[in-house]
Structures are given as C-alpha cells and as structure tokens.
Amino acid sequence: MGLMSKILGGNQSRTVEDYAELNLEDISAESAEATMQVHIAEVGSQADAIDIKDAVYDGDIVIADITRLRTNDSTVEHIIDELRQVAQEVDGDIVRKGDDQMIIAPTGIRISREKLGQQL
C-alpha cells in the first residue's frame, strides 16, 4: 500500500476524525509560519472542483481523490479540464496518479514524475 493510498484511504471514505493530530511540542517555537497548506479532497461533482480551484488560487497544494469520477461521462472530462486550466493559469503543475488521484500545485511548485528510490 503506497503513501497516497494510506493518506486517501483507497476506496474508503475518511472523515476529519480519521486523522491523528501529532504532538508538535518538540519542535522549536521559532519555526516559520506556514505559507502553504496541503489539502486532501474528494471530487464527486462540479461543486467539489470549485473548492479545489479556490485552494490552488490561494497558493495551496491539493491531493484530490477522483475515484468517484471513474466514468466516461463528459462531466469528468470537464472537471479535469478545469483543474488543468487552473494549474496553467497560476503557472503551477498538475499530475494524474493512476485512475484515482490528482495532485494540483500552485505557482512555484513542480511535481516530480519520478518516484523516490526508483532506479531508472
């Protein structure tokens, strides 16, 4: 099971309660304030794409579970095209990982197409 499957839970639906808050007391209080967040989203309709677009425009990274879009419906292509357009507009990046995940990054972020630890 890969990291993304663990994060997104494969075909299982996750809630906020499924994530554990880690104790950060050991980290220095002098840490810089975060300027970017990583969001996890499930895309099932056009409305979900709007929230993803807003997050990317705000400079955040989105890992989107597109499992519910596995149809050959024109809506699927429309949503994916919208997300590609957002990545292009902000000079960001977008990658589709398999049939069930997309990663959309904002300006200044490039997503590697190579897996870590893989010898090519």
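Let us look at the structure shown here. (Residues numbered from 1 in each chain as written. Predicted model: local features only at pLDDT ≥ 70, side-chain atom pairs only at ≥ 80, totals over all residues. Heavy atoms only, no water.)

1. So, the pattern of salt bridges
Using the criterion set out here, one finds five salt bridges in the structure. The partner of R84 in a salt bridge is D81, with the nearest N and O atoms 3.0 Å apart. With R84 and D81 both in helix α3 (residues 74–89), this residue pair falls three residues apart, about one helical turn. On the basis of relative accessibility, which here comes to 40%, the residue D81 falls in the partly exposed class. (Salt bridge = Lys/Arg side-chain N within 4 Å of Asp/Glu carboxyl O. Helix = DSSP H or I, 4+ residues; strand = E, 2+ residues; numbered from the N terminus. Buried < 20%, exposed > 50% of the residue type's maximum accessible area, 1.4 Å probe, protein only.)

2. Here we look at the pairing of strand β3 (residues 93–97)
In this sheet, strand β4 (residues 101–105) lies alongside β3 in antiparallel orientation, the contact comprising five bridges. Bridged to K97 within β4 is Q101. Two successive antiparallel strands, β3 and β4, enclose a turn made up of three residues, where G98 displays a positive phi of approximately 65°. (Pairing = 2+ DSSP bridges.)

3. Focus: the pairing of strand β2 (residues 61–65)
Taken across its five residues, β2 has five buried, putting it largely inside the fold. Residue alternation in β2 divides its side chains into two sets, I61, I63 and D65 and V62 and A64, and both sets are buried. When strand β1 (residues 38–42) meets β2, the two strands line up parallel, connected through five bridges. Paired with A41 across the bridge in β2 is A64. In this region the chain leaves β1, passes through helix α2 (residues 46–57) and returns to the parallel neighbour β2; the handedness of that crossover is right-handed. (Right-handed = clockwise from strand over helix to strand, strands pointing away.)

4. Observations concerning α2
Taking 1.5 Å of rise per residue, 12 residues should cover 16 Å, and α2 covers 17 Å from first to last C-alpha, within 8% of that figure. Along α2, the positions that sit buried rather than exposed are A49, I52, A55 and V56. The arc that holds the buried residues of α2, viewed along the axis, is 120°, so those residues lie on one side. Tucked into the core, α2 has its buried residues touching β1, β2, α3 and β4. G59 lies just past α2 and shows a positive phi near 95°. (Expected span 1.5 Å × (residues − 1). Arc of directions from axis to C-beta. Contact = heavy atoms within 4.5 Å.)

5. Quick look at the nonpolar core
Residues I52, V62, L83 and I104 are the most contacted members of the largest nonpolar core, which totals 20 residues. Of all the secondary-structure elements, those providing two or more residues to this core are α2, β2, α3 and β4. A total of six residues in this core trace back to one element, the largest contributor, which is α3. If near-sequence neighbours (up to four positions away) are discounted, I104 is found in contact with I52, V56, D60, I61, V62, A64, L83, A87, D93 and I94. Counting six residues, the second-largest nonpolar core is a separate cluster that includes I61, V95, I103 and A105. (Core = buried A, V, L, I, M, F, W, Y, C linked by side-chain atoms within 4.5 Å.)

6. Section: the sheet that holds β4
In space, the four strands of this open sheet follow the order β1-β2-β4-β3, with mixed pairing throughout. If you trace the sheet from one side to the other, it starts and ends with β1 and β3, each paired once. Averaged over all neighbouring strand pairs, the angle between strand axes comes to 15°, with direction disregarded. Each of β1, β2 and β4 is contacted by α2, which is oriented at about 160° to β2, the strand it contacts most. Packed onto the sheet, α3 meets β3 and β4 and runs at close to 145° relative to β3. (Axes fitted to C-alpha atoms, helices over the stretch in contact; angles between N-to-C directions.)

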